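# Inside the fold
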Amino acid sequence: MKKSVLFGALTVASLAAGAAAAATLDDVKARGKLNCGVTTGVPGFAAPDANGEWAGFDVAVCRAVAAAVFGDGTAVEFIPTTGKTRFTALASGEIDMLARNTTWTFSRDVDLKFDFVGVNYYDGQGFMVPTELGVSSAKDLDGATVCIQTGTTTELNLADYFRSNNISYEPVPIETNAEAQQQYLAGACDVYTTDASALAATRATFEAPTDHAILPEIISKEPLGPLVRHGDNAWGDIVRWSLNALITAEELGVTSANIAEMSNGTNNPEINRLLGTEGSLGEMLGLEADWAKNAIMVGGNYGEVFESNIGLSTPIGIARGLNAQWTDGGLLYSPPFR
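Residues numbered from 1 in each chain as written. Predicted model: local features only at pLDDT ≥ 70, side-chain atom pairs only at ≥ 80, totals over all residues. Heavy atoms only, no water.

### Quick notes on the nonpolar core
Within the largest apolar cluster, 59 residues are counted, with the highest numbers of intra-cluster contacts made by Met97, Trp235, Leu274 and Trp291. Broken down by element, this core gets its largest block of residues, ten residues, from helix 2 (residues 57-70). Ignoring sequence-local partners within four residues, the contact set of Leu274 consists of Ala245, Thr248, Ala249, Leu252, Val254, Ala292, Lys293, Ile296 and Phe337. In this structure, Val135, Ile148, Leu158 and Ile167 belong to the second largest nonpolar core, which totals 14 residues. (Core = buried A, V, L, I, M, F, W, Y, C linked by side-chain atoms within 4.5 Å. Buried < 20%, exposed > 50% of the residue type's maximum accessible area, 1.4 Å probe, protein only. Helix = DSSP H or I, 4+ residues; strand = E, 2+ residues; numbered from the N terminus. Contact = heavy atoms within 4.5 Å.)

### Overview of the side chain of Thr154
Following the sequence through the fold, Thr154 ends up in helix 5 (residues 153-164). Accessibility expressed as a relative area gives 3% for Thr154, which makes it buried. Here the side chain of Thr154 touches Thr152 through a polar contact of 2.5 Å, side chain to side chain. Sequence-distant contacts of Thr154, that is, excluding residues within four places in its chain, are made with Gln125, Ile148, Gln149, Thr194 and Asp195. (Polar contact = N/O pair within 3.5 Å; in protein donor to acceptor, adjacent residues only side chain to side chain.)

### Quick word on the environment of Ala198
Within the element layout of this structure, Ala198 appears in helix 7 (residues 196-203). Assessed through its relative accessible area of 4%, Ala198 is described here as buried. For the pair formed by Ala198 and Lys84, sequence separation is 114 residues and the distance between their alpha carbons is 17 Å.

### Digging into the packing of aromatic side chains
The relation between two aromatic rings is expressed through the spacing of the ring centres and the mutual angle of the planes. All told, the structure shown has 18 aromatic pairs when counted by the stated rule. Here the aromatic rings of Trp241 and Phe337 are separated by 4.9 Å at their centres, their planes lie at 85°, and the arrangement is edge-to-face. Taken as a pair, Trp241 in helix 8 (residues 233-252) and Phe337 in the segment after helix 13 (302-309) lie far apart in primary sequence, 96 residues in all. Taken together, the ring pairs in this structure connect Phe45, Phe57, Tyr121, Tyr302 and Phe306 into an aromatic cluster. In this structure, Arg320 is placed above the aromatic ring of Phe306, and the distance from its NZ or CZ to the ring centre is 5.2 Å. (Phe/Tyr/Trp six-rings, centres within 6.5 Å; stacked < 30°, edge-to-face > 60°. Lys NZ or Arg CZ within 6 Å of the ring centre and 35° of its normal.)

### Considerations on helix 13
Among the residues of helix 13, those classed as buried are Tyr302, Gly303, Val305, Phe306 and Asn309. Buried residues of helix 13, seen end-on, are gathered within an arc of 165° and therefore sit on one face of the element. Close packing links the buried residues of helix 13 with helix 2, strand 7 (121-123), helix 8 and helix 12 (291-299). For helix 13, the N-terminal capping position is held by Asn301, with its side-chain oxygen 3.0 Å away from the main-chain nitrogen of Gly303. (Arc of directions from axis to C-beta.)

### A closer look at the sheet that holds strand 10 (residues 169-174)
Reading across from one edge, 10-9-11-8-12 is the order of the five strands in this open sheet, with mixed pairing throughout. Edge positions in the sheet fall to strand 10 and strand 12 (212-214), since each of these pairs with one other strand and no more. Pairwise comparison of adjacent strand axes, ignoring direction, gives a mean angle of 30° for this sheet. Pairing geometry for strand 9 (residues 144-149) and strand 10, over six bridges, is parallel. Bridge pairing links Gln149 to Ile174 in strand 10. Helix 5 rests against strand 8 (125-130), strand 9, strand 10 and strand 11 (191-195) of the sheet, and its axis sits at about 75° to strand 8. With respect to the sheet, helix 7 is in contact with strand 8, strand 11 and strand 12, its orientation differing from that of strand 11 by roughly 125°. (Pairing = 2+ DSSP bridges. Axes fitted to C-alpha atoms, helices over the stretch in contact; angles between N-to-C directions.)

Pasting the structure below:
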């Protein structure tokens, strides 16, 4: 009897989880577009242009998922969120996924009931100061006023760092990157602290970027990645493997320039499975066979997306570093497509 009750409970739980998982994909398809939560604006990562067209490194992940589902990377609505509103928007179903330079942490994964589907950028928290302050180390910031976004991991990291180094600071709470930039440039705070990538992106928009220094200390681990709700297993698989498709495409040498030719078939079985000319990976996800091909074609493979939005050839000028492929000494690594 106990076994029957247990199996019955497991069956009900499995059915409920399956229904929840299927619901998001069904809703997205019925709506005809993906609702993707992004930041209110960080150049290079997610920001609208003068025409309201969103672009950036995180935006590219949203477009890849939309392309995987619909075959159309424009079938997505971008919904700006702040550090305070992003998790409510995801939990409530206002957005289908969040791609907003969000750090994967224990409490967000377990307590807030979200599933991080992977890491699309390995980052760490840093500090930016005006060069005229003559500061060369974060340990010289005793008594500084610090602009910091509320509702983020940077708040705790900042408190921990200053406490462990026995120095003090005065927080200047802000809600968005745009507000932080305004307050910092107006002199309302001596320091702006956030993820080092966002500091580089923000500094690149200044009239005189060289008048501001990003200090050498990186005080935290910030694995940033897209996330979905718990119970959205099937939907989570689609978002996860769309990201992995971009990463694997770079590793295997599939680019926006050669993907059409490679889609005719190659002598590499994994490329063929990735692009849908062999196997049934698309069917397993409930998508078309060419779902990954469509995801890659939107903006290219991971390396192409990185270089075109935040790489060394852009004003932001970020080197690959930890975000290089594992074969090049970085941390970027996708499970195999088989």
